[in-house]
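Observations on chain architecture
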Amino acid sequence: MVVDPRRTGYVETVSDPVFVVVMGVSGSGKTTLARGIAERLHWRFEEGDDFHPRSNVEKMSRGEPLTDDDRWPWLDAIGSWLDECAGAGESAVLTCSALRRSYRDRLRQGRPGVIFCHVTADAAVLGERLERRRGHYMPATLLPSQLATLEPLQDDETGFSVSAEGTPEDVLDRALQHLGRLQEGTSS
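Let us look at the structure shown here. Predicted model only: the values in this text are computed from it and were never measured.

**A short note on the overall build of the protein**
Secondary structure summary: the protein contains seven helices and seven strands in total. Its helices and strands taken in sequence order, the protein reads β-β-β-α-β-α-α-β-α-β-α-α-β-α from the N to the C terminus. Counting the 188 residues in the protein, one finds 45% classified as buried. Restricting to contacts in the protein with at least 6 residues of sequence separation, those with at least 24 account for 73%. Surface accessibility of the protein: about 9300 Å² in total, with carbon and sulfur atoms responsible for 48%.

This is the structure in structure tokens:
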């Protein structure tokens, strides 16, 4: 797959679908970026939060951080959706905090087309965004827990980081440029 950020579509050059997991802590702009990538490339999109079981949503709504045991079924549900997309031969974009390497390993297990896009932002900016956000069950009080849990992408992980600074269109353009460069590097 070759992504040309100057075009509104994409050119498929390999038969295997690509899955971009837009990751990062709450308030980083994952959903806005993931929707933009999906729209620009005409790929499927899913919000990772929608895969949480009700017990996880209730726990976070009470301001309680999730444990690994809470997260495994959620990550497995996301993985099943990725497998469904792969079975249909469709590339896709989804949001998922994917805070730890072990969570990312679980998502990429048996799925070579997974690429992580880590959206980064200053903690103060994240806090301001979460305070202004309405209609989401994740309270701003859980941000410190997420920041403490976050393990940035490592050199041996397929992916890239993109700053949330600038307009949503700026962030989208940078992400697509990174994705295009990453794909050029793997196709040569």
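On we go.
**Side note on the packing of aromatic side chains**
Taken as a whole, this structure holds two aromatic pairs when the rule is applied. Both rings, one in Trp-72 and one in Tyr-103, keep their centres 5.6 Å apart while their planes meet at 80 degrees; by these two values the pair is edge-to-face. One end of the pair, Trp-72, is in helix H3 (residues 68–87); the other, Tyr-103, is in helix H4 (residues 101–108), with 31 residues separating them in the sequence.

**As for the pairing of strand S4 (residues 44–47)**
By the alternation rule, side chains of S4 split into Phe-45 and Glu-47, which are all buried, and Arg-44 and Glu-46, of which none is buried. One ladder, built from four bridges, connects S4 with strand S5 (residues 92–95); its direction is parallel. Counterpart to Glu-47 in the pairing with S5 is Thr-95.

**Some details on the nonpolar core**
Across soluble globular proteins, you tend to see nonpolar side chains buried next to one another. Within the largest apolar cluster, 23 residues are counted, with the highest numbers of intra-cluster contacts made by Ile-78, Cys-96, Leu-107 and Phe-116. When contributions to this core are tallied by element, the ones reaching two or more residues are strand S3 (19–23), H3, S5, H4 and strand S6 (114–120). Tallying contributions element by element places H3 first for this core, with six residues. Excluding residues within four positions of it along the chain, Ile-78 makes contact with Gly-48, Phe-51, Leu-94, Cys-96 and Leu-107.

**Topic: H3**
Taking 1.5 Å as the rise per residue, H3 with 20 residues should run 28 Å; its terminal C-alpha atoms sit 28 Å apart, in good agreement. Of all the residues in H3, the buried ones are Asp-70, Arg-71, Trp-74, Leu-75, Ile-78, Gly-79, Trp-81, Leu-82 and Cys-85. Taken around the axis of H3, the buried residues stretch over an arc of 160 degrees, which confines them to a single face. Residues of H3 that are exposed and angled more than 90 degrees away from the buried face: Asp-69 and Gly-87. Taken together, the buried residues of H3 touch S3, S4, helix H2 (54–61), S5, H4 and S6. Positive phi appears at Gly-89, one or two residues downstream of H3, with a value of about 70 degrees.

**A short note on the pattern of salt bridges**
Pairing between side chains of opposite charge can happen when the charged atoms of each approach one another. The tally for this structure, following the rule as stated, stands at 16 salt bridges. A salt bridge links Arg-44 to Glu-84, with the shortest nitrogen-to-oxygen separation between them at 3.2 Å. Placement of the pair is Arg-44 in strand S4 and Glu-84 in helix H3, with a sequence separation of 40 residues. Using a relative accessible area of 45% as the deciding quantity, one classes Glu-84 as partly exposed. Across the salt bridge formed by Lys-59 and Asp-70, the nearest N and O atoms sit 2.7 Å from each other. Taken together, the positions of Lys-59 in helix H2 and Asp-70 in helix H3 put the pair 11 residues apart, joining distant regions of the chain. Across the pair, exposure class does not vary: Lys-59 and Asp-70 are buried alike. What emerges from the salt-bridge pattern is a single network uniting Arg-101, Arg-104, Asp-105, Arg-108, Asp-156 and Glu-157.

Conventions used here
Residues numbered from 1 in each chain as written. Predicted model: local features only at pLDDT ≥ 70, side-chain atom pairs only at ≥ 80, totals over all residues. Heavy atoms only, no water. Helix = DSSP H or I, 4+ residues; strand = E, 2+ residues; numbered from the N terminus. Buried < 20%, exposed > 50% of the residue type's maximum accessible area, 1.4 Å probe, protein only. Contact = heavy atoms within 4.5 Å. Areas by Shrake-Rupley, 256 points an atom, 1.4 Å probe, with all protein chains shown as cover. Phe/Tyr/Trp six-rings, centres within 6.5 Å; stacked < 30°, edge-to-face > 60°. Pairing = 2+ DSSP bridges. Core = buried A, V, L, I, M, F, W, Y, C linked by side-chain atoms within 4.5 Å. Expected span 1.5 Å × (residues − 1). Arc of directions from axis to C-beta. Salt bridge = Lys/Arg side-chain N within 4 Å of Asp/Glu carboxyl O.

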